[in-house]
Amino acid sequence: MSPRRQPEQQAPPVQKLALRYAKRGRARFASHRDFGRAFERALRRAEVPMAFSSGFHPHPRISYLNASPTGAATEAEYMVVGLATEVDPAWLRDTLNSALPDGLEIMAVVDAPSGLAERLKAAHWQVSLAGADPSEVAAAVQELLAQSTHLVSRQTKAGMREFDVRPAIHSLVAVADGFEVMSAIGEPLVRPEDVVVALQDVRPGLAGNGPGLANRLAQGTWDGERVQPPF
Amino acid sequence: MSAHVTSLYPRLEPLLAQVSKPVQYIGGEVNSVTRDFETAEVRWVLMYPDAYEVGQPNQGMAILYELLNEPDWMLAERSFSIWPDLAALMRRDGLPQFTLENHLPIKAFDLVGVSFSTELGYTNLLEALDLAGIPLHSVDRGEDDPLVIAGGHAAFNPEPIADFIDAAVLGDGEEASMRISELVRAWKLSGRPGGRDGLLDQLAQRGLAYVPSRYEVSYGDDHAIAAVQARPGIPARVRKHTLMELDEWPYPAKPIVPLAETVHERYSVEIFRGCTRGCRFCQAGMITRPVRERNIQTVGKMVEAGLAATGLEEVGLLSLSSADHSEIGPITKQLAERYSDSFVSLSLPSTRVDAFNIDLAAELSRNGRRSGLTFAPEGGTERLRKVINKMVTEDDLIHTVAAAFGAGWRQVKLYFMCGLPTETDEDVVAIAGMAARVIEEGRRAAGTRDVRCTISIGGFVPKSHTPFQWAAQADPETIDRRLRLLREKVREDRRFGRAISVRYHDGKPGMIEGLLSRGDRRVGAVIERVWRSGGVMDGWSEHFSFDRWVAAAEAELTPQGVDLEWYTTRERPVTEVLPWDHLDAGLDRDWLWQDYSDAIAGAGVDDCRWSGCYDCGVCPELGTEIQIGPTGRSLLPLKVVQHSA
């Protein structure tokens, strides 16, 4: 009869790589957790030499930054992975891309820069409002920008929460089938759907078009004009 | 079966943004197969009548999906139940039930195969057919509608859904589905002789499937079935299909890896099919005979390839009683050694109570994990366990549990049923005493007070094709009273009660499951009425409405002179024609009745794998045989993998 064994200690990673990835098409409806499981399985199929955490349930060392909401497509999600042996970043990108399901793609792999989280403080979103009248959208954008505060409420895990969307908006412009917004990533986090609600508040005529479909084009730092990616 | 159909996805996408868990509707998973619809000669929909998270891990679906997508002239796409939030939006926008691969309307396919693991999926069948725009009743379907074919364990008594399906396949689906596909292909190539009816006649005449519309059911003055009469040229009895030589059918080889979260996230290999333990309550054990093993080398190859194809981190060695495989020791030991450094975990649904299982379980948890062990004594007293033929003494159980606690486990889960034939209040209350002994011996063996025992107990539902097919089901009041007595007894136990928890299901859903399990064609109207009054997703407690079922049963059954109790809590006489008597699982009816009589007398029966044939009838009736090892072989060496890193 063997006594309870202590879990094995795992070695620390020898290499840390930062990845930018995209979620497109149907895969926009994969949640952050769904992506995580799919990514871990792709790592196994591709036989990537991952470093693992210690404990009874060792996990591959992966940290995600600023996950976009379920239903949003994105060109600019970031994560850092720890490896047990050094690999070529380009090999990692290609091998993962051949193992990931359709719609999930690794766009870039680099040695993890220090302070990555500090360099992801703003997001550039494009939101399509299918069927919305462009002049209504343009008018709504003008009205919202003219306000200095605009409260919206959203159901969160902690219950119904009310917060001001306006201070987070760096830039907001109407485009052909919706709008583009550049917004701060902060607390509370203002999501594109909150901006849609605010626009529908000021122009109720937009309310019939549902929550819209959002696509994150970039994350990075706000330089006063655009969102500058970290790498 | 129109020639030109287009993807519904563009119209579906804006709706997905407004519903919960939209990922379950998108398809596109790793290992899913998307083929050209236009050029395929035979087109299947494989439907599981429950949510994706429940249906996608189904082993039968995974096997048939691969097999039916193998020939270049065929395709199979999947479809699952749609939650009410999306279904409402789809009805508003006129979007039909769709497949996940090409997002095509299921009405456009040739065949819709529906897998029923449980009868509680029946309302979901109606919901899917209605959303699909396929007439609910087989008799109303036209030449362009697909054939709706039921399979799975519930198909062994498909009478309650006889009006809604076109056919049912009994038993193993591998060869049966391929033969049906070839028949449909030939029928289409030769200009569809006889139309839809001609095809159904062929299915019935060749014994490929049970076609309910080819059988006339009449009822007597006592409201029981008087006779089931096959039409001329149609076999009087329909036999189940049995797949032999499982080593030649290593499926699933590369199952779909869900993107959405599902109830099981593992690569499962059936290490054998069938079971001859002879537990009298167990329909699966009766209808899947004889035992047919896969050998250690096939299992090893399947695990290796399955892990490589999926990237999953858990392997399940599946069967009805996995520890009974003739090579289970070498299989678990060698697989555990092979994967000891790879963070892959192995699991064995181990339900037998003996010390050997503890050794197996120890092999499977070498990396130090000791989550919990599960045993299924099923009955609280030895007398009752003899009735159900679950031959384990309380001392066996206590020794096993002591060995488990001594080997490092701290938690044991015990499965029981309530409402078994001949059961008394004392039989159920005795479970508390058994659990108390588990804790007492467990604390001694573990050397710590920190041990736990969970009692998990649910109501027994008698099923067709078992010795208990004649038995009276216990009414919900009796079940709920006994469960209450058990919980009180545990709570009163000052020494051990706090280390014991009781998980239970109340008796009401079991009553409806009982109606659907042993029902006849008259029950179809009840199902339809429940669905028409909003009933779907009956397997989910938040959706299931007992009152709705009771009201529908009263409205539809009373005019027929029967009621809910007639189908459930009534013991059937041996002379009564049972709704499934013309459906042949190979079991000899006289043997089943004898085994029922033995049960009531408390007489046991041994396992025919080791103690000789006791004439259940399956092997001679179906021309099958027990196929077991041991082969004496070992795992084959792993393939050498080229690392490009």
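Starting afresh in each chain, residues are numbered from 1 along the sequence in its written order. Whichever chain is written first is A, and whichever ligand is written first is 1; the rest continue in order. The model is predicted, so local features are restricted to residues of pLDDT at least 70 and side-chain atom pairs to those at 80 or more, both for listing and for counting; the totals for chains, interfaces and linings are taken over all residues. Where side-chain values are given, they derive from all heavy atoms of the structure, hydrogens and water being excluded.

> Would you mind going over the domain arrangement of chain A with me for this structure?
How big an interface is tends to be stated in terms of accessible area lost as the parts join. All names here are of chain A. Annotation of chain A at the domain level lists domain 1 (15-118) and domain 2 (120-228). Averaged C-alpha coordinates put domain 1 and domain 2 at centres separated by 27 Å. Two parts lose some accessible area (1.4 Å probe) when they are put together, and adding that loss for both gives the buried area. In total, about 1,200 Å² of surface goes out of reach between domain 1 and domain 2, with carbon and sulfur atoms giving 51% of it. Considering only the side of domain 1, the residues that lose the most area to domain 2 are Asn66, Pro69 and Glu118, jointly responsible for 35% of the buried surface there. An automatic or database domain assignment is the source of the domain bounds shown.

> Quick question: what am I supposed to make of empty space enclosed by the protein here?
Summary: where empty space remains is shown by rolling a probe the size of a single water molecule over the atoms. Residues and elements named next belong to chain B. Site definitions follow a grid-based scheme: protein atoms alone, a 1 Å grid, a 1.4 Å probe that fits but cannot get out for cavities, and for pockets an open set with protein on both sides within 12 Å along at least five of seven lines, plus lining residues having an atom within 4 Å of a point. Grid points are joined across faces, edges and corners, and a volume is the space filled by probe spheres set on the points. Under the definition given, this model contains six cavities of 30 Å³ or more. A volume near 60 Å³ is recorded for the largest cavity. For the largest cavity, the full set of lining residues is Gln24, Tyr25, Tyr52, Ser79, Phe80, Ser81, Ile82, Gln97, Phe98 and Leu100. Gly falls in the polar group here, along with every residue not listed as nonpolar (Ala, Val, Leu, Ile, Met, Phe, Trp, Tyr, Cys, Pro) or charged (Asp, Glu, Lys, Arg). The class makeup of the residues in the lining of the largest cavity is six nonpolar, four polar and no charged.

> Help me out: how do you make sense of the pattern of salt bridges in this one?
Side-chain pairing between opposite charges can occur once the charged atoms of the two side chains come close. Salt bridge, as applied in this entry: a Lys or Arg side-chain nitrogen positioned within 4 Å of an Asp or Glu carboxyl oxygen. Applying the stated criterion across every chain yields a total of 59 salt bridges over all chains. Here Glu136(A) makes a salt bridge to Arg203(A), at a shortest N to O gap of 3.1 Å. You can see Glu136(A) sitting in helix α3 (residues 134-146) and its partner Arg203(A) sitting in the loop between α4 (192-202) and β10 (213-222), a full 67 residues away along the chain. In this structure, the salt-bridge partner of Glu270(B) is Arg273(B), at a minimum N-O distance of 2.9 Å. A single salt-bridge network, built from bridges that share partners, covers Arg33(A), Asp34(A), Arg37(A), Arg41(A), Arg44(A), Glu261(B), Glu265(B) and Glu313(B). Helix and strand assignments follow DSSP, with helices taken as H or I runs no shorter than four residues and strands as E runs no shorter than two, numbered in order from the N terminus.

> How do you make sense of the packing of aromatic side chains when you look at a structure like this?
The description of two aromatic rings rests on the distance between their centres and on the angle between their planes. All names here are of chain B. Pairing of aromatic side chains here covers Phe, Tyr and the six-membered ring of Trp, requires ring centres within 6.5 Å, and sorts the geometry by plane angle: under 30 degrees stacked, over 60 edge-to-face, intermediate tilted. Within the structure shown, the criterion is met by 18 aromatic pairs over all chains. With centroids separated by 5.0 Å and ring planes inclined at 65 degrees, the aromatic side chains of Phe37 and Phe109 adopt a geometry described as edge-to-face. One end of the pair, Phe37, is in the loop between α1 (9-16) and β1 (42-48); the other, Phe109, is in the loop between α4 (84-93) and β3 (111-115), with 72 residues separating them in the sequence. In this scheme, a residue with accessible area under 20% of its type's maximum is buried, one over 50% is exposed, and one in between is partly exposed, where area comes from a 1.4 Å probe on protein chains only. Classification of Phe109 by relative accessible area gives buried; the value is 0%. Look at Trp566 and Tyr567: their rings are 5.0 Å apart centre to centre, the planes differ by 85 degrees, and that puts the pair in the edge-to-face class. Taking the relative accessible area as the measure of exposure, Trp566 reaches 15% and is therefore buried. Given the relative accessible area of 1%, Tyr567 is considered buried. Aromatic rings pair up to connect Phe460, Phe468, Trp470, Trp593 and Tyr596 into one cluster.

> Please clarify how the nonpolar core should be interpreted in this entry.
Leu19(A), Phe39(A), Val81(A), Leu92(A), Trp44(B) and Leu86(B) are the most contacted members of the largest nonpolar core, which has 177 residues in total. Among the elements that line this core, the one with the most residues is helix α5 (residues 122-132) of chain B, at seven residues. Discounting residues that sit within four places of it in the chain, Phe39(A) has contacts with Leu19(A), Ile62(A), Tyr64(A), Met79(A), Val81(A), Leu96(A), Leu100(A) and Ile106(A). As used here, the term nonpolar core means buried Ala, Val, Leu, Ile, Met, Phe, Trp, Tyr and Cys residues forming a set that is joined through side-chain atoms within 4.5 Å. Of all hydrophobic cores here, the second largest spans 37 residues; its members include Ile358(B), Ala432(B), Ile439(B) and Ile500(B). What makes two residues a contact is simply this: any of their non-hydrogen atoms within 4.5 Å.

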